[in-house]
Amino acid sequence: MKRRRFLKLAGVTGGIATTGFAAFPTPTIAQSEPSIQWRLASSAPKSLETILGAAEYVAKRVSEATDRKFQILTFPADAIVPQFQVLDAVQRGTVELGQSFSYYFIGKDPTFAFDAAVPWGLNTRQQIAWMYRGGGLELLRDFFKEYNIYNIPAGNTGAQMGGWFRKEVASLDDLKGLKFRIGGWAGPVLSRMGIVPQQIPIPSIYPALEQGTIDAAEWVGPYDDEKLGFNKAAKYYYYPGWWEGSTQFSVYVNLERWQTLPKTYQAILELACTEAYMWSLAKYDVDNPAALRRLVADGTELRSFSEDILEASYEAAFGLYAETAAKNAKFRKIYESWKAFREDSRLWLRVVEQSYDNFAYAHPLPRQKS
């Protein structure tokens, strides 16, 4: 009865919580539960306050919903563990929680990429639908169990930009041999196109770009990129970021600690992560337009990738997926679900969403007659 009452108060419908503060139970529900303090290690530095802020948002909401009995202390990248070692730290139990982009860990298994983003993958709405209603979350949780982790979607950047280049890249030939800082599974795709991918920690990206150690770099979009100062080291800003049409970041919970966490606290933590997902996506959608205007006003030159670059990247991406699926059973299991969902969803998006967007946002609002 207590569990049913909690879920009713929490406002859970179809596996996804409502996003307002009313979605949370009153603190009285947690009065009989133990006092717990956990640590969360993030892959994001303090300067990226939307990504790190999503982890802090989770901690705040969990604390509020439990009358401060469940406390989560958040730590930015390198405060406890380096940016690319968050998953290992949670797996070992060095920390109870982590926050990261799962494609950082494709060196262990490329299957991790589906928890974040793959080139020419799902857009944000599709990612949410596949995860929560299309079977993606269940498949990924089975995969993460092997790493002693319970994964919870906890944020999204939306579609990303294509990065900063020190010189123009007007065609596929202009990309050949370029050293390009890029994360995730885009690296192997870019390699097939003659680019030299570089995965380097966030604080090292700007110096490398400024000094010419790399020729180009991408991160997320205007708001974060402006904060990182990339426009001061490179002039040309390309779009779209075809490797990240939607990029989800997750909270990792050490599986053994998750299993011992009171059920009430489990539900509250998952609800907080769902709220953080919406919070981060909304924040980027509000902050990116203003940042893009500032960048352009400051001399940034926007460029679209040429058609031959887009066509070559599309072919390279799906060629890589087919080859990987043929030799990796774990990857194949999730890829087949992902691919089927993408194809089914594509028809609906083309009929309604794409046609709507293409017309509505190609036109400015009409001027009102005086």
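Residues numbered from 1 in each chain as written. Predicted model: local features only at pLDDT ≥ 70, side-chain atom pairs only at ≥ 80, totals over all residues. Heavy atoms only, no water.

Caption draft 1: Up close: a nonpolar patch on the surface. A contiguous nonpolar surface patch, about 410 Å² in accessible area, is contributed by Leu 347, Trp 348, Val 351 and Val 352. Mapped onto the elements, Leu 347 comes out in helix α13 (residues 329-360). Residue classification places Leu 347 among the exposed positions, given a relative accessible area of 59%. (Patch = residues over 30% accessible without salt bridge, like charges linked within 9 Å, V, L, I, M, F, W, Y side chains within 5 Å. Areas by Shrake-Rupley, 256 points an atom, 1.4 Å probe, with all protein chains shown as cover. Salt bridge = Lys/Arg side-chain N within 4 Å of Asp/Glu carboxyl O. Helix = DSSP H or I, 4+ residues; strand = E, 2+ residues; numbered from the N terminus. Buried < 20%, exposed > 50% of the residue type's maximum accessible area, 1.4 Å probe, protein only.)

Caption draft 2: Fine view of α13. In a regular helix each residue adds 1.5 Å, so 32 residues correspond to 46 Å; α13 covers 43 Å between its end C-alpha atoms and thus fits that length. The axis of α13 is deflected most strongly, by about 50°, at Leu 349. Looking at the buried positions of α13, the neighbouring elements they touch are α4 (124-132), α5 (136-145) and α12 (307-327). Capping the start of α13 is the job of one residue whose side-chain oxygen sits 3.0 Å from the backbone nitrogen of Lys 330: Asn 328. (Expected span 1.5 Å × (residues − 1). Bend = angle between axes of the 7 residues up to and from the residue. Contact = heavy atoms within 4.5 Å. Polar contact = N/O pair within 3.5 Å; in protein donor to acceptor, adjacent residues only side chain to side chain.)

Caption draft 3: Geometry of empty space enclosed by the protein. The full count for this structure, using the stated rule, is 3 cavities of 30 Å³ or more. Space inside the largest cavity adds up to approximately 60 Å³. The wall of the largest cavity is formed by Ala 113, Phe 114, Ala 116, Ala 117, Val 118, Gly 121, Leu 122, Gln 127, Gly 245, Ser 246 and Trp 338. When the residues that make up the lining of the largest cavity are grouped by side-chain class, the tally is 7 nonpolar, 4 polar and no charged. Computed from the structure, the second largest cavity encloses a volume of approximately 50 Å³. Every residue lining the second largest cavity is listed: Phe 101, Tyr 103, Tyr 104, Arg 181, Gly 183, Glu 218, Trp 219, Val 220 and Glu 244. (1 Å grid on protein atoms, 1.4 Å probe; cavity = no way out; pocket = protein on both sides within 12 Å on 5 of 7 lines; lining within 4 Å. Points joined across faces, edges and corners; volume = space filled by probe spheres on them. Nonpolar A, V, L, I, M, F, W, Y, C, P; charged D, E, K, R; others polar.)

Caption draft 4: Molecular detail of the pairing of strand β5 (residues 97-100). What you see with β5 is no split at all: Leu 97 and Gln 99 on one side and Gly 98 and Ser 100 on the other are buried throughout. The pairing of strand β3 (residues 36-42) with β5 spans 3 bridges and is parallel. Within β5, the residue paired with Ser 42 across the bridge is Gln 99. Examined bridge by bridge, β5 and strand β12 (residues 248-254) share 4 bridges and lie antiparallel to one another. For Gly 98, the partnering residue across the bridge sits in β12 and is Tyr 252. (Pairing = 2+ DSSP bridges.)

Caption draft 5: Representation of the pattern of salt bridges in the model. On inspection of all chains with the given rule, the structure shows 21 salt bridges. Two residues, Lys 108 and Asp 88, come together in a salt bridge whose shortest N-O distance is 2.7 Å. Here Asp 88 lies in helix α3 (residues 86-92) and Lys 108 lies in the loop between β5 and α4, a separation of 20 residues in the sequence. Taking the shortest distance from any N to any O, the salt bridge between Arg 125 and Glu 353 comes out at 2.5 Å. With Arg 125 in helix α4 and Glu 353 in helix α13, the pair connects residues that are 228 residues apart, well separated along the chain. A single network of salt bridges, built from pairs that share partners, joins Glu 49, Lys 227, Lys 283 and Asp 287.

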